[in-house]
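A closer look at the structure
Here's the letter readout for the chains.
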Amino acid sequence: MVDLPTIAQEIGVCTRCPLHEGRHHAVPGEGPADARLMFVGEAPGRQEDATGRPFCGAAGKVFDDLLHEAGIARDRTFITSIVKCRPPHNRLPHQPEIATCVGAHLMRQITVIAPAVICLLGALATRSLLGATRLADVRGRFVRRDRLYFPTFHPAAAARNPAWRHTLAADLRTLFETLAGHPPVR
Ligand code: SF4
């Protein structure tokens with residue numbers, strides 16, 4: 001089976017959709033291949049594009065704080081996004097871009113890692129992996145499809161809205177309590 005470094009290498013030179021045209025660095029994601037918890041966000045932002053690392057900008061700082069509060073060790077989770085290249089002017093990725101990137105890269109990452117839970121961060125990640133599902137209908141709940149999913153707010157949204165931050169913190173605690181006693185939660 002293909003491994004994560006090989007997938008990351010392929011993402012780094014991928015030209016399958018127009019998003020490659022404006023990127024400085026593709027952002028494959030990071031974390032161990034045996035992560036039991038996988039986070040899937042939306043798309044790289046400016047800081048992620050500059051560094052090639054996921055969730056390292058302002059939203060990443062909020063995310064780090066929330067993970068810490070929940071007791072989740074970031075370095076024992078795998079963190080990635082629906083598309084791996086930054087959309088121009090931080091626009092939302094278009095549906096063909098999402099379909100291309102998910103099919104070419106994210107699905108293979110999920111197959112390699114085989115996480116116990118995939119936490120979907122935000123409405124776009126939720127729609128992209130669960131189909132016509134409104135985040136409001138499934139937020140904070142485990143959803144069984146081909147795998148076990150757990151949709152919640154995106155950290156960037158939580159950074160703008162204290163009530164959503166509170167909710168995201170509670171959702172991450174639910175994840176912690178569900179997976180407690182097993183990696184990647186401690
Ligand atoms: S967004 Fe995904 S599919 Fe598009 S160029 Fe980047 S890695 Fe390839």
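Relevant structure appears above.
All figures in this text were calculated on a predicted structure; none of them were measured in a lab.

Thresholds applied
Residues numbered from 1 in each chain as written. Predicted model: local features only at pLDDT ≥ 70, side-chain atom pairs only at ≥ 80, totals over all residues. Heavy atoms only, no water. Helix = DSSP H or I, 4+ residues; strand = E, 2+ residues; numbered from the N terminus. Buried < 20%, exposed > 50% of the residue type's maximum accessible area, 1.4 Å probe, protein only. Near = heavy atom within 4 Å. Pairing = 2+ DSSP bridges. Contact = heavy atoms within 4.5 Å. Axes fitted to C-alpha atoms, helices over the stretch in contact; angles between N-to-C directions. Phe/Tyr/Trp six-rings, centres within 6.5 Å; stacked < 30°, edge-to-face > 60°. Lys NZ or Arg CZ within 6 Å of the ring centre and 35° of its normal. Salt bridge = Lys/Arg side-chain N within 4 Å of Asp/Glu carboxyl O. Parallel < 35°, antiparallel > 145°, perpendicular 65-115°, else oblique. Nonpolar A, V, L, I, M, F, W, Y, C, P; charged D, E, K, R; others polar. Arc of directions from axis to C-beta.

Focus on the side chain of T152
Looking at the element boundaries, T152 is found in strand β5 (residues 148–152). According to the relative accessible area criterion, T152 is buried, its value standing at 0%.

Description of unusual backbone geometry
At H89, a residue that is not glycine, the phi angle is positive and equals roughly 55°. By the secondary structure assignment, H89 is in the loop between β2 (78–81) and α4 (95–113). The backbone of A114 shows a phi angle near 50°, a positive value even though the residue is not glycine. Here A114 is to be found in the loop between α4 and β3 (117–121).

Some thoughts on the site of the ligand
If you check the shell around the ligand, you find I11, C14, R16, C17, L19, H20, R23, K84, C85, T100, C101 and H105 and nothing else. A total of three residues in the shell around the ligand trace back to one element, the largest contributor, which is α4.

Some thoughts on the sheet that holds β5
Think of a sheet as strands paired side by side through backbone hydrogen bonds, with each pair either parallel or antiparallel. Spatially, the five strands line up as an open sheet ordered β2-β1-β3-β5-β4, and their pairing is mixed. Because the sheet does not close on itself, it has two edges, and the strands there are β2 and β4 (143–144). Pairing between β4 and β5: two bridges, direction antiparallel. Note that in β5 the partner of V143 across the bridge is Y149. Packing of helix α8 (residues 162–179) onto the sheet brings it into contact with β1 (37–41), β3 and β5, and relative to β5 it is tilted by some 160°.

So, the packing of aromatic side chains
For the structure shown, the criterion picks out four aromatic pairs. With a centroid separation of 5.0 Å and an interplanar angle of 90°, the aromatic rings of F39 and F63 are classed as edge-to-face. Pair noted here: F39 is in strand β1 and F63 is in helix α3 (residues 58–70), with a separation of 24 residues, a long-range link. The burial state of F39 is the same as that of F63; both residues are buried. Clustering of aromatic rings is evident, with ring pairs tying together F39, F55 and F63. One cation-aromatic arrangement involves R139 over F153; the distance from NZ or CZ to the ring centre is 5.8 Å.

Considerations on the pattern of salt bridges
One pass over the full model with this rule turns up nine salt bridges. Between E69 and R165 there is a salt bridge, with the nearest N and O atoms lying 2.9 Å from each other. Pair noted here: E69 is in helix α3 and R165 is in helix α8, with a separation of 96 residues, a long-range link. Overall, E69 belongs to the partly exposed group, its relative accessible area being 45%. Note that D171 is salt-bridged to R139, the shortest N-O span being 2.8 Å. Remark: R139 occurs in the loop between α6 (135–138) and β4 and D171 occurs in helix α8; sequence separation between them is 32 residues.

Here we look at the packing of helix α1 (residues 4–12) against α4
Contact geometry for α1 and α4: axes closest at 10 Å, N-to-C directions at 170°. Classified by the angle their axes make, α1 and α4 are roughly antiparallel. Every residue of α4 that contacts α1 at L4, I7, E10 and I11 is listed here: H105, R108, Q109, V112 and I113. For the contact of α1 with α4, a count of residues per class yields five nonpolar, two polar and two charged.

Topic: α1
For α1, the complete set of buried residues consists of L4, I7 and I11. Each buried residue of α1 lies within a common arc of 60° when the element is viewed along its axis, so the set occupies one face. Those residues of α1 that are exposed and aimed more than 90 degrees away from the buried face are P5 and Q9.

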